[in-house]
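# Fold and contact review
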Amino acid sequence: MIDDDSAQPESTAPEAADRRRVVSASVTLGVAVGVTALSFGLAAVSAGASVWQACVLSFFTFTGASQFSAMSVVGAGGSAVAAFGGAALLAVRNFVYGLALAGRVSVDDDGRRLSLGRRLIAAHFVIDETTAMTTTQLNPRLARTAFWVTALSLFITWNLGTLVGALAGSVLDTQALGFDAAFPAAFLAMLPPHLRTRQGRFAALTGAVVCVALTPFVPVGVAILVAVVGVLFGVRP
Amino acid sequence: MSNTTLWWLIAVLSITAYGLKAFGFVLAGGRRMPAVVERCLALIPAALLAALVAKDTFTVAQDVVVDARLAGVVVAGAAVWRRAPFIAVVALAMAATAVVRAVA
C-alpha cells in the first residue's frame, strides 16, 4: 500500500505542552460541535423523526451534513430514495478523507500497523473535523492524538447534543419558533470553507440555481441530486 | 414517510456512510485518485450544500415560494459573513423567521 507519509521521519515524542495544546483544541472543537448537534436534534424532530430515530442516526451515521440533508428531504415530504441519494453523495467526501487519513492514523507510535479491528473502529470517526484537526498536525504522534481526541470528544458531544436537541424539539411548537429555518441556516454555516476557490463558488451557484429551477418539475428531493452537476466545474483545473 | 420507511432510510444511510469512510480509510488508504476525479469530488459539498440552502429557503414540496424563512436565511447569511458561531447562525435564523411569522 502506498503511503505518502511513510517518508516523514517518525519524529521524536512531542513536548508535553504541544500535546496539551492539541488535546485542548480538539476538546474545544468537540464542545462547539455538540452545540451543532443540538440544532440537528431540533431540526430532525421538526422534520418528523422521533427522538430515538434522531439519536440512532447520529450514533451510526455520524456525519453531520448527510444527516441534516436526509432530514431536510424527509421534512419536505421527499421519498426515502431521494433523501438517501443526497445524503450519500455528501458522504462521498468521507471516502476522500479516509484516503488522506489512512497513512496518518492507521499506525501506532512505533510505526506498527493497527489491527484491522482498530482500523475499522477508527473508520467510523473519519469526518470533516477529525480530518481538519489531524491533517494540520505535522508531527505524526500529535496528528494521531488530534485524531483520537477529536473523534472521542465529538462522538460524545454529537450524540448528547442530538438527544438534548431532539427532546427539546419534541416538546416545543417547532413551526411557530421558526425551527424550519434551522435547516437552511445550518447548511449556510457549513458552506464557507467550500467557497474559497472560484470553482467552489461556481459549483455552489449552479447547485442552488439548478435545485430551485427543477423543483416544480421533479419529485421532492430529486432536484438536490441533479444539483450535483455543479461538480463539473472541477473537470478543468 | 412512514415510520418504518424512515427506519430503513436511517439503516441504509448509516451502512453507506460507514462503508464510504471504511472504504477510503481501511481498503484504499494512501492511494491517490486521478486529479480530475479528486477535483470533482471536492466540489460535491459546495454544490449540494448550496442546493440545500436554496431548497430549504425557497421551496415547499414542489412549489417555489418566498416566505418567512427567507428573513431567517438573510440574517443567517449576515451572521456567517461576520463569522458568528454555528449556534448563533441557527438561533438568529430561527428567531428572525419566528418574528416575521408572528408579525405577518
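The following refers to the structure shown. Predicted model only: the values in this text are computed from it and were never measured.

## Quick look at the interface of chain B and chain A
Facing 66 residues of chain B, the contacting portion of chain A comprises 100 residues. It is Lys21, Phe25 and Phe86 of chain B in chain B that bury the most area against chain A; as a group they hold 12% of the surface buried on that side. Where chain B touches chain A, the interface holds one salt bridge. We note a salt bridge from Arg101 of chain B to Asp180 of chain A, for which the minimum N-O separation is 2.6 Å. Here chain B and chain A share 12 residue pairs in polar contact (both at pLDDT 80 or more) between them. Of all the secondary structure elements, the ones that give two or more residues to the side of chain B that touches chain A are α1 (3-27), α2 (35-42), α3 (44-58), β2 (63-64), α4 (68-81) and α5 (86-103) of chain B. With 20 residues, the top contributor of residues to the side of chain B that touches chain A is α1 of chain B. Of the residues in the side of chain B that touches chain A, the class split is 45 nonpolar, 12 polar and nine charged.

## Structural notes on the packing of helix α1 (residues 16-46) of chain A against helix α3 (residues 64-75) of chain A
All names here are of chain A. The geometry of α1 relative to α3 is characterised by a closest axis approach of 10 Å and an angle of 20° between their N-to-C directions. In terms of axis orientation, α1 runs roughly parallel to α3. In the crossing of α1 with α3, the sense of the turn from one axis to the other is left-handed. For the pair formed by α1 and α3, the contact residues are Thr36, Ser39, Phe40, Ala43 and Ala44 on the first element and Gln67, Phe68 and Met71 on the second.

Analysis parameters
Here the residue numbering is sequential within each chain, running from 1 through the sequence in written order. Naming scheme: in the order in which they are written, chains are lettered from A and ligands are numbered from 1. Only residues with pLDDT of at least 70 are given local features in this predicted model, and only at 80 or more are side-chain atom pairs given and counted; all residues enter the totals for whole chains, interfaces and linings. The side-chain figures draw on all heavy atoms in the structure; neither hydrogens nor water molecules are used. Whether two residues are in contact is decided by their heavy atoms: any pair within 4.5 Å suffices. For any pair of parts, buried area is found by adding up, for both, the accessible area (1.4 Å probe) each one loses once the two are put together. Salt bridges are defined as contacts in which a side-chain nitrogen from Lys or Arg sits within 4 Å of a carboxyl oxygen from Asp or Glu. Side-chain atoms alone can form a polar contact between residues adjacent in sequence; in general such a contact is a pair of N or O atoms within 3.5 Å, and within protein one must be able to donate a hydrogen while the other accepts it. In this text, helices come from DSSP runs of H or I with a minimum length of four residues, and strands from runs of E with a minimum of two, each type numbered from the N-terminal end. Residues are grouped as follows: Ala, Val, Leu, Ile, Met, Phe, Trp, Tyr, Cys and Pro are nonpolar; Asp, Glu, Lys and Arg are charged; every other residue, Gly included, is polar. Where helices are involved, their axes are fitted lines through C-alpha atoms of the stretch in contact, as for all axes, and angles between N-to-C directions lie from 0 to 180°. Under this scheme an angle from 65 to 115 degrees is roughly perpendicular, one under 35 degrees roughly parallel, and one over 145 degrees roughly antiparallel; angles in between are oblique. Take the far helix as the reference: if the near one is turned anticlockwise from it by less than a right angle, the crossing is left-handed, and if turned clockwise, right-handed.

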